Amino acid sequence: MKHLTEPAYVRWILIGVALLFLALFLILPLIAVFTEAFKQGADVFVASIADPETLSAVKLTLLVAAISVPLNVTFGIAAAWAIAKFSFRGKNVLLTLIDLPFAVSPVIAGLIFVLLFGSQGILGPWLDLHDIKIIFAVPGIVLATTFVTFPFVARELIPIMEAQGKDEEEAAVSLGASGWKTFLRVTLPNVKWGLLYGVILCNARAMGEFGAVSVVSGHIRGMTNTLPLHVEILYNEYQFAAAFAVATLLAALALVTLIVKSFIEWKTERQSGVEEEPYIDVTGERAG
Amino acid sequence: MRKLLHNRGFLPGFGMTMGYTIIYLSLLVLIPLSVLFLKATTMSWEQFVGTILDSRVLASIRVSIVSSFFAACVNAVFGVLVAWVLARYQFFGKRIIDGIVDLPFALPTAVGGIALTSIYAENGWVGQYLAEWGIKVAYTPLGIWVALTFIGLPFVVRTVQPVLQDWDLQMEEAAATLGATRWTTFTRVILPHLLPAVITGFALAFARALGEYGSVVFISGNMPLKTEIVPLLIMTKLEQFDYAGATAIATVMLVASFIMLLIINYLQWRINKFDAAR
Amino acid sequence: MSIEVDNISKSYKNFTALKNVSLQIPEGELVALLGPSGSGKTTLLRLIAGLEQPEEGRILFNGEDNTNRDVRERRVGFVFQHYALFRHMNIFDNIAFGLTVRSRKTRPNKEEIREKVHSLLKLVQLEGLAHRYPSQLSGGQRQRVALARALAVEPKFLLLDEPFGALDTKVRQELRRWLRHLHGKLGLTILFVTHDQEEAMELADQVVVMNEGKVEQVGSPEEIYHHPANPFVYSFLGRVNLFRGRVHEGKIKLGEAEFETEWENKAVELPAVGYMRPHDVEVSLHAPADSSIQAVQAQVSRISLLGPIVRLDLKRLDTNEVFEAEMSRQRFAELALVENGTVYVTLNNLSFYVEEGQSVTPAPTFIPLQVSV
């Protein structure tokens, strides 16, 4: 209907400008990662990926994600259950506190753990005495990563579980199901897509975190280097092709994340029956 | 406690999940963050103020705020445009474009940083053409702006898009029956309605830009007083083992972030109230 | 201003919303578009407003062709089903909107706009609420703001889409009365869409009954209720009983009952349907003395006491057809009816329609018949 839209030329100009903007800022960088990676040929690419240091970075990145993601998933589920299924005072304060790590600069996220566990930190002397290393070691990387990915799952689950209310859970409990069974059989199936959504976003950030990890890692090659840190080191050593080759691994991770995310959105959109264009009335009567 | 629980209905698990939430939150977030303030209090006031008022620190604060502000402004304008195009028009590849908008969320910032640097460097795909015009992007404040625009882009799109999708088209029809042109309808009916979401998206993009580190370090050139942003300065102080200096700057930055967070939460609450009232 | 809809057709994708609809609405009338959902009544309203474009046909205002005129230039007052008030504007700005968006040349000055809005607020009885926001008003108040906003541009006529649909019963009745009053005061042509027959009957001078994209009948409430043009109108307005039978050689047979008709003497036997409103069903305990009066026996299967009237669910003993009868409490007491008792029912006041199947059109056509009893 013409009163609800713009003339065709205006539409195409707007679409064109939007696409140009997205191309300059999003699509070109993505293409650049892959082109730069193969600039010196496939051999350099393969060699960079197969390099023992790269492989140990891959291992560490996977390890960090394998610890921090499940930790935050557990927290996210517990927090969502408490916040969405019960009413209590101070709920909004709690929600704001859960959001805090999003508001903190990654560098500060790293800094606070240095101040806490570093050799000059509050617990530093005690840790030194017992020969426990956290900063410039794997535990520090895990802590910093867990901190920056802390809100993802909870933020995804809370609104979904709030929207679903608690009727179904109450029905299950009144039918004699235990709390744990109720969660597994009633709540979880209802929020599974939302949970997956939170998990993939949490995972992408956990594997890709740079600033916070950079502060606490100490950049020890083959020891405390995650993939993003490895990219930085290679780049700063002017091994551009190698840096971009390693970066393709992370870019591929990002693409997979986006694809899974789009898939989940498509899936949930279909489930909730949201139409693409709600204003096209098929019946002739306005749906209202 | 039993009575308290009873009042909350008969679903089990409140005590356990709430307890776990509070403990986990405290151990991982609240206690570590409070250490920063604790550390800051060990400094004398003169020491603290002296650190902050150092010309290099002030310059970095200025660079951070100015570039974040302009990046968020550009994101506000183009974010609304992209959200509008995605919500209202049909075109080939729309689903893919819709998915790619979230790239800055999914792509590690370091990767984004080196990719942008390679494109906007003087011999890069875009940089070479800009260089002909005498415009240098990489290793200048403009480069910081490019990186911050990249990482802030999804925020405005993703706050405005749902508002546009839930938008009641009858309001536009009503405006048309009352004689309003398309442009008038946009500026007087649609835009005011989008404004809270745009401001929220702007604030989110701005807050994120202030704290951003990974994508900026590669493209900025990191020249003190010129292209040095606050997070980078904190990093530098840490590498020089100047923990007190890093703490002082971080404290100021953290307080600023908290204020931003409160503003954002307030805005979001306003939007929800607005929507609930229809 | 009069509205003429001339042979309009409109379809969406694979759904035909309107087929060859023609309609004349004289100046100053209050007209209801009545029909079930999906009958095309809202589409017709939106076509008149210019919110949709027809595939065929013309729309004329006072004889002037407006078919291709933009909605912005038609100057029609349209009130949306859910009001579509501008949420971020207060009531004053909502009502003033149509005036303030005019080009500088035709826009009234601030003082004139203020006066106009206040006189409209007075008209819709919402003085003092100028600075409230839509969210702070009740449904009925929002409805009146929407009306005032539409009236502000001094429209040629008013179009209302299910104006009372979203309101509760009591407010609805108040607003109906008020709209009727407003119509009398302004003398404006008003066309409104409703699926509620009671609303149409109570409010409108003329009722347009629509079904499946066609106009079934146009007439005063009295006409369409007492002289329905076809079975659809019959069954859409009020409760109705339906008796199935056949017509053959001038006689309609409904079970044991037989009726003489003026139906042309055709060799073929065709299905026939008799319609009868429940309050026209006469119930007695004995067979009528006059044997020419057609009466059948029926069993009372259920008695419902509905305030001043009593409704009986009856079952014919000859055909087992189930139907309803309504009578006053007084009559009910006189008859001293009990459930499962047997009564005689007089089948006069029946309206007959004959289904004449044609190979060309798959839908049966209905021909009303004069019945001589």
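Residues numbered from 1 in each chain as written. Chains lettered and ligands numbered in written order. Predicted model: local features only at pLDDT ≥ 70, side-chain atom pairs only at ≥ 80, totals over all residues. Heavy atoms only, no water.

This part takes up the overall build of chain B. What chain B contains, in helices and strands, is 14 helices and zero strands. When the helices and strands of chain B are listed from N to C terminus, the series reads α-α-α-α-α-α-α-α-α-α-α-α-α-α. Viewed in the frame of its principal axes, chain B has a C-alpha envelope of about 75 × 65 × 30 Å. Of all intrachain contacts in chain B linking residues separated by at least 6 positions in sequence, the fraction that spans at least 24 positions is 74%. Put simply, chain B shows about 11700 Å² of open surface, and 69% of that area lies on carbon and sulfur atoms. The positive charge centre, built from 19 side chains, and the negative charge centre, built from 15, are 8 Å apart in chain B. (Helix = DSSP H or I, 4+ residues; strand = E, 2+ residues; numbered from the N terminus. Contact = heavy atoms within 4.5 Å. Areas by Shrake-Rupley, 256 points an atom, 1.4 Å probe, with all protein chains shown as cover. Lys, Arg positive; Asp, Glu negative; His and termini not counted. Charge placed at Lys NZ, Arg CZ, Asp CG, Glu CD.)

This part is about the environment of G28 of chain C. Residue and element names in this part refer to chain C. Structurally, G28 is set in the loop between β2 (15-25) and β3 (30-34). Separated by 156 residues in sequence, G28 and G184 place their C-alpha atoms 9.0 Å apart. Residues contacting G28, with those up to four places away along its chain left out, are H183, G187, L188 and T189.

A word on helix α13 (residues 230-239) of chain B. Counting buried positions over the ten residues of α13 of chain B gives nine, a clear majority of the element. Among the residues of α13 of chain B, V230, P231, L232, L233, I234, M235, T236, K237 and L238 of chain B are the ones counted as buried. (Buried < 20%, exposed > 50% of the residue type's maximum accessible area, 1.4 Å probe, protein only.)

Residues and elements named next belong to chain C. This structure, assessed with the given rule, holds 36 salt bridges over all chains. Here E64 ties to R69 by a salt bridge, and the two come within 3.2 Å at their closest N and O atoms. A relative accessible area of 27% places R69 in the partly exposed class. We note a salt bridge from E199 to R176, for which the minimum N-O separation is 3.6 Å. (Salt bridge = Lys/Arg side-chain N within 4 Å of Asp/Glu carboxyl O.)

This part covers the sheet that holds strand β8 (residues 189-194) of chain C. Residue and element names in this part refer to chain C. Strand order in the open sheet formed by six strands is β6-β7-β8-β3-β9-β10, with mixed pairing between adjacent strands. The open sheet has two free edges, formed respectively by β6 (77-79) and β10 (214-219), since each of these has just one partner strand. Sheet twist, expressed as the average angle between the axes of neighbouring strands with direction ignored, equals 15 degrees. When β3 meets strand β9 (residues 206-211), the two strands line up parallel, connected through four bridges. From the neighbouring strand, A32 faces β9, where its bridge partner is V207. (Pairing = 2+ DSSP bridges. Axes fitted to C-alpha atoms, helices over the stretch in contact; angles between N-to-C directions.)

On to the packing of aromatic side chains, then. Enumeration over the complete set of coordinates arrives at 38 aromatic pairs over all chains. Summarising the aromatic geometry, the rings of F202 of chain B and F206 of chain B are spaced 6.2 Å apart at their centres and angled 5 degrees between planes, so their arrangement reads as stacked. With F202 of chain B and F206 of chain B both in helix α11 (residues 182-211) and four residues apart, the pair spans about one turn of that helix. Judged by relative accessible area, which is 13%, F206 of chain B ranks as buried. When the ring of F232 of chain C is compared with that of F236 of chain C, the centres are 5.4 Å apart and the planes differ by 15 degrees; the resulting orientation is stacked. You can see F232 of chain C and its partner F236 of chain C sitting in helix α9 (residues 231-236), four residues apart, about one turn around the helix. Three or more aromatic residues joined by ring pairs make a cluster, and in this case those are F210, Y235, Y238, F240 and F244 of chain A together with Y213 and F218 of chain B. (Phe/Tyr/Trp six-rings, centres within 6.5 Å; stacked < 30°, edge-to-face > 60°.)

On the side of chain B, 87 residues touch chain A, which itself brings 96 residues to the contact. Our count for the contact surface shared by chain A and chain B stands at three salt bridges. Where R182 of chain B meets E6 of chain A, a salt bridge forms, and the shortest distance between an N and an O atom there is 2.6 Å. Remark: the boundary between chain A and chain B carries eleven residue pairs in polar contact (both at pLDDT 80 or more). The element best represented in the side of chain A that touches chain B is helix α1 (residues 8-37) of chain A, accounting for 21 residues. (Polar contact = N/O pair within 3.5 Å; in protein donor to acceptor, adjacent residues only side chain to side chain.)

Residues separated by three or four positions in an α-helix point in the same direction, a consequence of the helix having 3.6 residues per turn. All names here are of chain B. Where burial is concerned, most of helix α10 (residues 169-177) is hidden: nine out of the nine residues are buried. Among the residues of α10, L169, Q170, M171, E172, E173, A174, A175, A176 and T177 are the ones counted as buried. Two or three places before Q170, at the start of α10, stands the capping residue D168, its side-chain oxygen 3.0 Å from that residue's backbone nitrogen. Just past α10, the residue G179 takes up positive phi, approximately 95 degrees.

Attention now moves to the pairing of strand β17 (residues 309-316) of chain C. Residues and elements named next belong to chain C. Looking at chain direction, strand β16 (residues 295-306) and β17 are connected through eight bridges and run antiparallel. Paired with L306 across the bridge in β17 is I309. Here β16 folds back onto β17, and the loop between the two strands holds two residues, one of which, G307, carries a positive phi near 60 degrees. One ladder, built from seven bridges, connects β17 with strand β18 (residues 322-328); its direction is antiparallel. Bridging across to β18, D313 finds its partner in E324. Connecting β17 to the next strand, β18, in antiparallel fashion are five residues, including N320 with a positive phi near 65 degrees.

All names here are of chain A. Here chain A averages 89 in pLDDT, while 92% of its residues score no lower than 70. By mean pLDDT, helix α9 (residues 167-174) is the weakest element of chain A at 89, and helix α7 (residues 138-148) is the strongest at 96. Here residues 274-288 is a poorly scored stretch, pLDDT under 50, and it has 31 contacts once near neighbours within four places are set aside; other chains count. (pLDDT = per-residue confidence, 0-100.)

So, on to the confidence of the model for chain B. All names here are of chain B. In this model, chain B carries an average pLDDT of 90, and 95% of its residues clear a pLDDT of 70 or more. Across chain B, helix α4 (residues 55-88) holds the top mean pLDDT of 96, while helix α1 (residues 2-7) sits lowest at 47. Scoring of the predicted complex yields 0.85 for pTM and 0.89 for ipTM.

Think of two packed helices as two axes; the pair is described by the angle between the axes and how far apart they sit. Taken N-terminus to C-terminus, the directions of α7 of chain A and helix α2 (residues 14-41) of chain B make an angle of 100 degrees; their axes are 11 Å apart at the nearest point. Compared by their axis directions, α7 of chain A and α2 of chain B come out roughly perpendicular. Together, L143, T146 and F147 of chain A of α7 of chain A and Y24, L28, V29 and L33 of chain B of α2 of chain B make up the contact between the two elements. Tallied by class, residues from the contact of α7 of chain A with α2 of chain B come to six nonpolar, one polar and no charged. (Parallel < 35°, antiparallel > 145°, perpendicular 65-115°, else oblique. Nonpolar A, V, L, I, M, F, W, Y, C, P; charged D, E, K, R; others polar.)

Residue and element names in this part refer to chain C. Strand order in this open sheet of five strands is β15-β19-β16-β17-β18, and the pairing throughout is antiparallel. Whereas interior strands pair on both sides, the edge strands pair on one side only; in this sheet they are β15 (282-284) and β18. Between one strand axis and the next, the sheet turns through 45 degrees on average, direction left out of account. Taken together, the three bridges between β15 and strand β19 (residues 342-346) define a ladder with antiparallel strand orientation. Residue pairing across strands places V283 opposite V345, the latter belonging to β19.

What follows concerns the packing of helix α4 (residues 110-123) of chain C against helix α5 (residues 139-152) of chain C. Residue and element names in this part refer to chain C. Between α4 and α5, the shortest axis-to-axis distance is 10 Å and the interhelical angle comes to 140 degrees. Relative to α5, the element α4 is oriented oblique. Judged by the twist between their axes, the crossing of α4 over α5 is right-handed. Side by side, α4 and α5 meet where K116, L120 and L123 of the first sit next to A148, L151 and A152 of the second. Taken together, the residues that form the contact of α4 with α5 break down as five nonpolar, no polar and one charged. (Left-handed = near helix turned anticlockwise from the far one by under 90°.)

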